[in-house]
Amino acid sequence: MKVIELKNLSKIYNPETIPVRAINDVTLSVKEGEFTAIVGPSGCGKTTLLNMIGGLDISSEGSVDIGGVSINEMSESELTAFRLQHIGFVFQAYNLIPVLTAKENIEFIMVLQNIDAKTMQERSDDLLDRMGIRNQRDRRPSELSGGQQQRVAVARALAARPKFVLADEPTANLDSGSTEALLDIMAKLNKEEKITFIFSTHDQRVIDRAKRIIKLVDGEIVSDEQP
Amino acid sequence: MILYIKLAWRNVWRSKKRTWITASSIAFSVFFACLMQSSQLGSYENMIDNSARFFTGHLGIHQVDFWEDQIIDNSFDQQALFELDLTNPSILMGVPRLSSFALASHGDRTKGAALFGVSLEEEAAFSYLERKLIEGDYNTESGVLMAAGLAANLNLNVGDTLVLMGQGYHGVNAAGKYTVTGILKFPIPALNQGAIYLPLETLQELLSAPNMISSYSILLEDSQDTEGMKAHIETILKGKELGVMTWQEMLPDLVSSIELDYYGGWVILIILYVVIGFGIFGTFLMMIKERTYELGILNAIGMTKRRVQIMVAIEIFLLIFLGVLMGVLMATPIILYFWSNPILLSGDAALAMEKFGYEPIIPFALNFKIFYNQGISIFVIALFLAIYPMLAIKQLKIIKALKE
C-alpha cells in the first residue's frame with residue numbers, strides 16, 4: 001500500500017526573477033513499511049523534498065498524496081492538523097521542547113491530539129521502554145545526551161501513530177555509538193511494526209541500513225535502488 | 001490545558017533575569033501608580049470630608065433661594081424639618097446650622113467673621129468640632145468658640161469679651177457681647193481665620209431669628225452616592241419651600257480642582273505607562289525573536305498557530321500577573337501605613353498647602369479600586385502590546401522559522 005505518492009513534483013524559488021529549481025519534476029512513491037534513505041550532496045534538495053512530503057513547504061508544480069489524500073490544496077491549518085495526525089518528524093537538532101521532560105515531550109503530541117490521559121500514559125511508558133530511556137523520563141533535554149535526545153525525538157514522532165516518519169539528517173549530530181543505537185531502534189520498529197521511515201542523510205551508516213536508496217542530484221532523482 | 005499552563009510557566013522562567021527585570025519594571029509602575037492614586041484619592045476624600053463636615057454636608061437642605069443669595073432672610077423655620085421623615089440607612093446624620101456674617105471686635109481691633117450657630121453636641125459628632133478645641137471649654141451655653149487665627153488677630157484669649165455687630169433677620173440690628181469660652185484650631189485656613197461658633201439658640205437670639213436655620217447639613221455613608229439620595233429627599237420635600245443640593249453643586253470649585261488634579265495625575269501615570277510599555281514590548285519582542293525557530297518546530301509537529309498563540313498568551317498573562325502582584329504586594333503595606341498615619345507637612349510645604357486653602361497633610365486612601373484600576377491598566381497595556389506576538393505567530397512561516 002502506497003503511503004506517499006509524488007507526481008511531477010517541482011519546487012521553484014524566485015519564479016518571477018531568477019528561477020531556481022530546487023526540486024525538478026520528481027515522481028516517486030513510497031510503500032508502507034519501507035526504510036528509505038534519500039541521499040545526495042549538500043544542496044541537492046533532500047531537505048526541500050522532505051519538507052514538501054511533510055507538508056511543511058508547498059510545491060510549485062506537481063502533487064503530493066499521503067495515504068491517498070492530496071495535501072496540495074489544503075489550507076495552512078488543515079495541513080497542521082494533517083501533520084499532527086499522519087506524519088512524524090525527527091530533526092537533525094532533535095528540537096525537543098526544552099522546558100518539558102522526556103516523558104512530557106512524548107506526551108505533548110498526544111495532548112495536541114486530545115488523547116485521553118490513560119492511553120497517553122500507557123503509550124508514553126511503552127515508547128520510553130522501547131527507546132531504552134525509561135530511566136531518563138523525568139529529565140529535561142539539557143540533561144540528556146544527544147543520542148538520548150534523538151531517541152526521545154523518535155518516540156515523540158511515533159507517539160502520534162503516524163503513517164510514516166520523516167527524519168532529516170537524524171544522525172548528523174550523533175557519535176558512532178549513539179548512531180548505531182538509534183538505527184537499531186528504528187530498524188527494529190520498521191521490521192517488527194512495519195513503521196515507514198524516510199531519511200535524508202549523508203551518513204554512510206544510515207545508507208548501509210537502508211532498504212531503498214534514492215539519490216538526488218540538483219533536485220532530480222538520478223537513481224532509485226533497493227540494495 | 002494543564003500542559004499549556006505548565007509549558008507557559010516554565011517558559012516564563014527560561015530566562016530568569018529577563019523575567020525578573022520585566023516583572024520588576026511592571027511591579028515598580030504598579031507600586032508607584034498605586035501610591036500616587038492612593039494619596040490623590042486620600043487627599044480628595046479628606047478635602048470632601050472637611051468641606052462636607054464643616055460647611056455643606058454631603059447634602060444640604062435650604063430654603064429654595066438660599067444658595068443663590070446666602071442671607072439671613074433666606075433661612076427657614078427648623079420646625080419644617082420635624083415634619084419630615086429623613087431616616088434612611090444611607091444617611092449617617094444631619095445637623096441644623098444657622099450662618100451669617102458680622103463684625104467681630106475686641107479692644108481697638110475689628111475683623112469680619114463668619115458666624116455659625118450650631119448644636120454643639122450634634123456638631124461634635126458631625127464635624128468633630130470638639131476635637132478642634134485647643135484651649136478653654138467646649139460646652140458653652142451663651143459664650144462663643146473662636147477660631148485660633150481670628151482670636152490671634154483680635155488679640156483675644158479665653159475669658160475675654162467679644163463684641164459682635166451685624167444685621168439680623170429682616171434688617172434688624174444685631175449686636176451682642178459674648179465671652180470667649182474656647183479657642184478652636186481648624187485644618188481649613190479659611191475657617192481658621194474667620195470662624196466663630198455659637199450655640200444655635202444664641203445666634204438665633206442675636207439675629208432675632210428664633211427657630212430659624214440656614215441649612216440642614218446631611219452626612220452620607222458614601223460621599224459619592226449623592227445623586228440617588230438627592231432624588232430621594234427631593235420627593236420628601238415636594239410641596240415645601242425647601243430644596244436639596246449635593247456637595248458637588250455647592251462646591252463646584254472643589255469639584256473642578258479635584259478633577260484637574262485627578263486628570264493631571266493620569267497624565268503622569270500615562271507617561272509612566274508608556275515607559276513601562278516599551279519595556280514590556282521589548283520583552284515580547286525578544287520572546288518571539290529568540291524563539292522563532294522553536295515556535296516553527298511546534299507548528300511543524302502539529303501544534304496549530306492558534307494553540308501556539310494560546311501558549312504565548314498564557315506566558316504573557318503569567319508574566320504580567322507576576323509583575324502586578326509584586327507591585328500590589330509592595331504597595332499594600334506602605335498604603336496601609338500611611339492610611340493610618342497620614343504624612344504631616346511642615347515648613348514651606350505646609351504654608352504652600354495652607355495658602356491654597358488645603359489642610360497641610362497628605363492622607364492616603366485605602367480602596368480596593370486603586371489596586372484594581374492599576375492592575376487592569378497594566379493588563380490592558382499588555383493586551384494591546386500582545387497584538388505584536390500574536391500577529392508574529394500568525395504570520396510565522398515554518399520553513400523560514402526553521403532556517404532561523
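The rules we used
One numbering rule holds for all chains: residues counted from 1, following each sequence as written. All chains are assigned letters beginning at A, and all ligands numbers beginning at 1, according to the order in which they are written. Thresholds applied to this predicted model are a pLDDT of at least 70 for local features of residues and 80 or more for the giving and counting of side-chain atom pairs; totals over whole chains, interfaces and linings are not thresholded and use all residues. To obtain the side-chain values, all non-hydrogen atoms of the structure were included, while hydrogens and water were left out. Numbering of helices and strands runs from the N terminus, with a helix taken as a DSSP run of H or I at least four residues long and a strand as a DSSP run of E at least two residues long. We compute the radius of gyration over the C-alpha atoms and compare it with the globule rule, which gives 2.2 Å times the number of residues raised to the power 0.38. Contacts are residue-level and defined by heavy atoms, with any inter-residue pair within 4.5 Å sufficient. In this tally, Lys and Arg are treated as positive and Asp and Glu as negative; His is ignored, and so are the chain termini. We put the charge of a Lys on NZ, of an Arg on CZ, of an Asp on CG and of a Glu on CD. Two rings from Phe, Tyr or Trp (for Trp, the six-membered ring) form a pair when their centres sit within 6.5 Å of each other. Planes less than 30 degrees apart are called stacked, planes more than 60 degrees apart edge-to-face, and all others tilted. Lysine and arginine charges are scored as sitting over a ring when NZ or CZ, respectively, is within 6 Å of the ring centre and within 35 degrees of the ring normal. Joining two parts hides part of their accessible area as seen by a 1.4 Å probe, and the buried area is that hidden amount summed over both. Just to be clear on terms, a salt bridge is a Lys or Arg side-chain nitrogen sitting within 4 Å of an Asp or Glu carboxyl oxygen. Only residues whose relative accessible area exceeds 30% and that take part in no salt bridge are eligible for patches, with like-charged residues grouped when within 9 Å of each other and nonpolar side chains (Val, Leu, Ile, Met, Phe, Trp, Tyr) grouped when within 5 Å. With residues, only the protein chains shown are counted as cover, and all accessible areas are computed by Shrake-Rupley using a 1.4 Å probe. Only strands that DSSP links by at least two bridges are regarded as paired with each other. Only the contacting stretch of a helix is used when fitting its axis, a line to C-alpha atoms as for every element, and angles between N-to-C directions run 0 to 180 degrees. Exposure categories follow from relative accessible area, calculated using a 1.4 Å probe and restricted to protein chains: below 20% of the type maximum is buried, above 50% is exposed, and the middle band is partly exposed. The labels follow the angle: roughly parallel below 35 degrees, roughly antiparallel above 145, roughly perpendicular from 65 to 115, and oblique for the rest. Should the near helix be turned counterclockwise from the far one by less than a right angle, the crossing is left-handed, whereas a clockwise turn marks it as right-handed. Three classes are used, and their members are as follows: Ala, Val, Leu, Ile, Met, Phe, Trp, Tyr, Cys and Pro are nonpolar, Asp, Glu, Lys and Arg are charged, and the others, Gly among them, are polar. pLDDT expresses, on a scale from 0 to 100, how confident the predictor is about each individual residue.

**Side note on the overall build of chain B**
Phase 1 of the analysis: Counting secondary structure elements, chain B contains 16 helices and 14 strands.
Phase 2 of the analysis: Its C-alpha radius of gyration of 30 Å places chain B more than 25% over the 22 Å reference for a compact globule of 404 residues.
Phase 3 of the analysis: Taken over the C-alpha atoms alone, chain B extends approximately 100 × 50 × 30 Å along its principal axes.
Phase 4 of the analysis: Across chain B, every contact between residues at least 6 apart in sequence was considered, and the portion connecting residues at least 24 apart equals 78%.
Phase 5 of the analysis: Seen as two clouds, the 28 positive and the 37 negative side-chain charges of chain B have centres 28 Å apart.

**Description of the packing of aromatic side chains**
We describe a pair of aromatic rings using the distance from one ring centre to the other and the angle between the two ring planes.
Phase 1 of the analysis: According to the stated counting rule, one finds 20 aromatic pairs over all chains in the structure shown.
Phase 2 of the analysis: Cation over ring: Arg131(B) sits above Tyr128(B), and NZ or CZ is 3.9 Å from the ring centre.

**Digging into the interface of chain B and chain A**
Frequently, the measure chosen for interface size is the accessible area that the parts lose on association.
Phase 1 of the analysis: At the interface, 22 residues of chain B touch 24 residues of chain A.
Phase 2 of the analysis: For the chain B and chain A pair, buried surface summed over both sides reaches about 2100 Å², with 66% attributable to carbon and sulfur atoms.
Phase 3 of the analysis: Counting the surface chain B buries against chain A, the share from its top three residues, Leu3(B), Arg10(B) and Ile301(B), is 29%.
Phase 4 of the analysis: Where chain B meets chain A, there are 3 salt bridges.
Phase 5 of the analysis: Glu104(A) is paired through a salt bridge with Arg10(B); the nearest N and O atoms lie 2.5 Å apart.

**A short note on a nonpolar patch on the surface**
Phase 1 of the analysis: A cluster of nonpolar side chains, namely Phe317(B), Phe321(B), Leu325(B) and Leu329(B), defines an oily patch on the protein surface of about 400 Å² accessible area.
Phase 2 of the analysis: Within the secondary structure, Phe321(B) sits in helix α12 (residues 305-340).

**Thoughts on the sheet that holds strand β5 (residues 69-70) of chain A**
Note: strands within a sheet are paired through backbone hydrogen bonds, in either parallel or antiparallel orientation.
All names here are of chain A.
Phase 1 of the analysis: Here 4 strands make up an open sheet; going across it, the order is β2-β1-β4-β5 and the pairing antiparallel. For this open sheet the edge positions go to β2 (20-31) and β5, each flanked by a neighbour on one side alone.
Phase 2 of the analysis: Pairing geometry for strand β1 (residues 2-13) and β2, over 8 bridges, is antiparallel. The residue bridging Ile12 from the neighbouring strand is Arg21, located in β2.
Phase 3 of the analysis: Against the sheet, helix α1 (residues 46-53) contacts β1, β2 and β4 (61-66), and its axis sits at roughly 125° relative to β1.

**Re the pattern of salt bridges**
Phase 1 of the analysis: Scanning the model with the defined rule gives 26 salt bridges over all chains in all.
Phase 2 of the analysis: Note that Arg212(A) is salt-bridged to Asp224(A), the shortest N-O span being 2.7 Å. With Arg212(A) in strand β9 (residues 212-217) and Asp224(A) in strand β10 (residues 220-225), this residue pair connects regions lying 12 residues apart in the sequence.
Phase 3 of the analysis: What makes Asp224(A) partly exposed here is its relative accessible area of 39%.
Phase 4 of the analysis: Connected through shared salt-bridge partners, Arg14(B), Arg291(B), Glu294(B) and Glu315(B) make up one network.

**A look at the pairing of β4(A)**
Taken residue by residue, a regular strand's side chains alternate between the two faces of the sheet.
Residue and element names in this part refer to chain A.
Phase 1 of the analysis: As paired elements, β1 and β4 share 5 bridges and run antiparallel to each other. Within β4, the position partnered with Lys7 by the bridge is Ser63.
Phase 2 of the analysis: Relative to β5, β4 runs antiparallel, the two sharing 2 bridges. For Asp65, the partnering residue across the bridge sits in β5 and is Ser70.
Phase 3 of the analysis: Between β4 and β5, which pair antiparallel and follow one another directly, the connecting turn spans 2 residues, one of which, Gly67, has a positive phi of 55°.

**Notes on the side chain of Asn46(B)**
Phase 1 of the analysis: Inspection of the secondary structure puts Asn46(B) in helix α2 (residues 16-56).
Phase 2 of the analysis: Among all residues touching Asn46(B), those that are not within four sequence positions of it are Glu359(B), Ile361(B) and Pro363(B).

**Quick word on the packing of α2(B) against α12(B)**
All names here are of chain B.
Phase 1 of the analysis: Look at α2 against α12: their axes get within 7 Å of each other, and the N-to-C directions meet at 40°. Taken as axis vectors, α2 and α12 run oblique relative to one another. Here the hand of the crossing between α2 and α12 comes out right-handed. Contact with α2, carried on its side by Thr19, Trp20, Thr22, Ala23, Ser24, Ile26, Ala27, Val30, Phe31, Cys34, Leu35 and Ser38, involves Leu319, Ile320, Leu322, Gly323, Val324, Met326, Gly327, Val328, Met330, Ala331, Ile334 and Ile335 of α12 and no other residues of that element.
Phase 2 of the analysis: A per-class count over the contact of α2 with α12 returns 18 nonpolar, 6 polar and no charged.

**Points about the environment of Trp339(B)**
Residues and elements named next belong to chain B.
Phase 1 of the analysis: Within the element layout of this structure, Trp339 appears in helix α12.
Phase 2 of the analysis: Put simply, Trp339 and Ala365 are 26 residues apart on the chain and 6.0 Å apart in space, counted from C-alpha to C-alpha.
Phase 3 of the analysis: When neighbours within four sequence positions are excluded, Trp339 is seen to be in contact with Phe364, Ala365 and Leu366.

**Quick notes on the sheet that holds strand β3 (residues 35-39) of chain A**
Residues and elements named next belong to chain A.
Phase 1 of the analysis: Strand order in this open sheet of 6 strands is β6-β7-β8-β3-β9-β10, and the pairing throughout is mixed. Since the sheet does not close on itself, it has two edges, and those belong to β6 (87-90) and β10, each with one partner. On average, adjacent strands in this sheet sit at an angle of 20° to one another, irrespective of strand direction.
Phase 2 of the analysis: Examined bridge by bridge, strand β7 (residues 164-168) and strand β8 (residues 196-201) share 5 bridges and lie parallel to one another. Bridging across to β8, Ala167 finds its partner in Phe199.
Phase 3 of the analysis: Where helix α5 (residues 146-159) meets the sheet, its contacts fall on β6 and β7, and the angle it forms with β6 comes to roughly 170°.

**Remarks on the confidence of the model for chain A**
Phase 1 of the analysis: Model confidence for chain A is summarised by a mean pLDDT of 90, while 100% of its residues fall at 70 or above.
Phase 2 of the analysis: For chain A, the element scoring lowest by mean pLDDT is helix α6 (residues 176-193) of chain A, at 87; β9(A) scores highest, at 94.

**A look at the environment of Val90(A)**
Residue and element names in this part refer to chain A.
Phase 1 of the analysis: Tracing the sequence through the fold places Val90 in strand β6.
Phase 2 of the analysis: Judged by its relative accessible area of 1%, Val90 falls in the buried class.
Phase 3 of the analysis: Along the sequence, Val90 and Arg156 sit 66 residues apart, while their C-alpha atoms lie 8.4 Å from each other.
Phase 4 of the analysis: Other than its neighbours up to four places away in sequence, Val90 contacts Gln150, Ala153, Val154, Ala157, Val165, Leu166, Ala167, Asp168 and Pro170.

**Focus: the environment of Ser223(B)**
All names here are of chain B.
Phase 1 of the analysis: Take Ser223: it is sitting in the loop between β11 (215-220) and α8 (226-236).
Phase 2 of the analysis: Residue class for Ser223 comes out buried when judged on its relative accessible area of 18%.
Phase 3 of the analysis: Sequence separation between Ser223 and Glu45 is 178 residues, and the spatial gap between their C-alpha atoms is 8.3 Å.
Phase 4 of the analysis: The contact partners of Ser223, leaving out residues within four places of it in the chain, are Ile48, His58, Trp247 and Gln248.

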